[in-house]
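For reference, the chains in residue letters:
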Amino acid sequence: AAIGGAVASNSEAEAPPLQAVLRAVLRRLALPDEPIRPRRAFLAAFACFGALRALAGRLSEISAAGHDAELQELVLAVLAVCACEVVGRREIESAEVQRPLSCIAALVTVLRREPVHTLIHMLCLAALQRLSL
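All values reported here derive from a predicted model rather than from experimental measurement.

Undergrad: Is there a simple way to explain the overall build of the protein chain in this structure?
TA: Regarding its fold elements, the protein chain presents eight helices and zero strands. Each helix (α) and strand (β) of the protein chain, taken in turn from the N terminus, gives the series α-α-α-α-α-α-α-α. Expressed as a percentage of the 133 residues in the protein chain, the buried residues total 39%. Partitioning the intrachain contacts of the protein chain with sequence separation of at least 6 by distance along the chain shows that 65% fall at a separation of at least 24. Working note: accessible area of the protein chain is about 7700 Å², and carbon and sulfur atoms make up 60% of it.

Undergrad: Is there a simple way to explain the side chain of Ser63 in this structure?
TA: Relative to the elements of secondary structure, Ser63 occurs in helix α4 (residues 59-65). Take Ser63: its relative accessible area is 5%, and that puts it in the buried class.

Undergrad: So what exactly am I meant to see when it comes to the packing of helix α1 (residues 18-30) against helix α2 (residues 36-48) here?
TA: Two quantities define a packed helix pair, namely the angle between the axes and the distance from one axis to the other. Look at α1 against α2: their axes get within 8 Å of each other, and the N-to-C directions meet at 140°. Overall, the two elements α1 and α2 adopt an arrangement that is oblique. Counted together, Val25, Arg28, Leu29 and Ala30 of α1 and Pro38, Arg39, Phe42, Leu43 and Phe46 of α2 form the full contact between these two elements.

Undergrad: Would you take a moment to explain the pattern of salt bridges for this structure?
TA: Pairs can form between side chains of opposite charge whenever their charged atoms are close. Enumeration over the complete set of coordinates arrives at six salt bridges. Among the salt bridges present, the one from Arg113 reaches Glu114, with a minimum N-O distance of 3.4 Å.

Undergrad: Looking at this structure, I do not really get the environment of Glu96. What am I missing?
TA: Its place among the elements puts Glu96 in helix α6 (residues 86-98). Overall, Glu96 belongs to the buried group, its relative accessible area being 18%. When the C-alpha atoms of Glu96 and Ala56 are compared, they prove to be 7.7 Å apart, with 40 residues separating the residues in sequence. Leave out the neighbours within four places in its chain, and Glu96 touches Leu101, Ser102, Cys103 and Ile104. At 3.0 Å, the side chain of Glu96 forms a polar contact with the backbone nitrogen of Leu101.

Undergrad: I would appreciate a short explanation of α6 in the present structure.
TA: Because an α-helix packs 3.6 residues into every turn, residues spaced three or four apart end up facing the same way. Over its 13 residues, α6 runs 18 Å from end to end, which matches the ideal 18 Å to within 8%, given 1.5 Å per residue. Elements in contact with the buried residues of α6: α2, α3 (51-57), α5 (69-82), α7 (104-113) and α8 (119-131).

Undergrad: Which parts of the structure should I look at to understand the state of the cysteines?
TA: Think of a disulfide as a covalent bridge from one cysteine sulfur atom to another cysteine sulfur atom. Inspection of every chain in the model, using the stated rule, returns zero disulfides. A disulfide-free cysteine, Cys82 has its sulfur positioned 8.5 Å from the sulfur of Cys84, the nearest such atom.

Reading the values: rules and limits
- Residues numbered from 1 in each chain as written.
- Predicted model: local features only at pLDDT ≥ 70, side-chain atom pairs only at ≥ 80, totals over all residues.
- Heavy atoms only, no water.
- Helix = DSSP H or I, 4+ residues; strand = E, 2+ residues; numbered from the N terminus.
- Buried < 20%, exposed > 50% of the residue type's maximum accessible area, 1.4 Å probe, protein only.
- Contact = heavy atoms within 4.5 Å.
- Areas by Shrake-Rupley, 256 points an atom, 1.4 Å probe, with all protein chains shown as cover.
- Axes fitted to C-alpha atoms, helices over the stretch in contact; angles between N-to-C directions.
- Parallel < 35°, antiparallel > 145°, perpendicular 65-115°, else oblique.
- Salt bridge = Lys/Arg side-chain N within 4 Å of Asp/Glu carboxyl O.
- Polar contact = N/O pair within 3.5 Å; in protein donor to acceptor, adjacent residues only side chain to side chain.
- Expected span 1.5 Å × (residues − 1).
- Disulfide = S-S within 2.5 Å.

Right under this line is the structure:
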């Protein structure tokens, strides 16, 4: 499944699972050993190519499915980390403008639905707090 909805032709290699891609993105953005400049450069590239906006735009769809907790955790973790930086917040806001009720409303819905002690609830709260900056 492609993030932006584009489907690969049969001649192209099979895309890796979304969870694997998100884990790699999260590692690249949040590794404490990595200096801040390369992490910011990666975030800028992630935003520049529309991947962050597409991910934020699909949050309501991903969270509505409700059955894949690992995928929800990874999406929320990536959004929370990206929302730490201005470029990330702006991309998430742009996704909300392009597809109203796709991201912020989905975050609020997840926040209300999930028990307070769950990782999904904590990541959702972290994303909302950072988006309020």
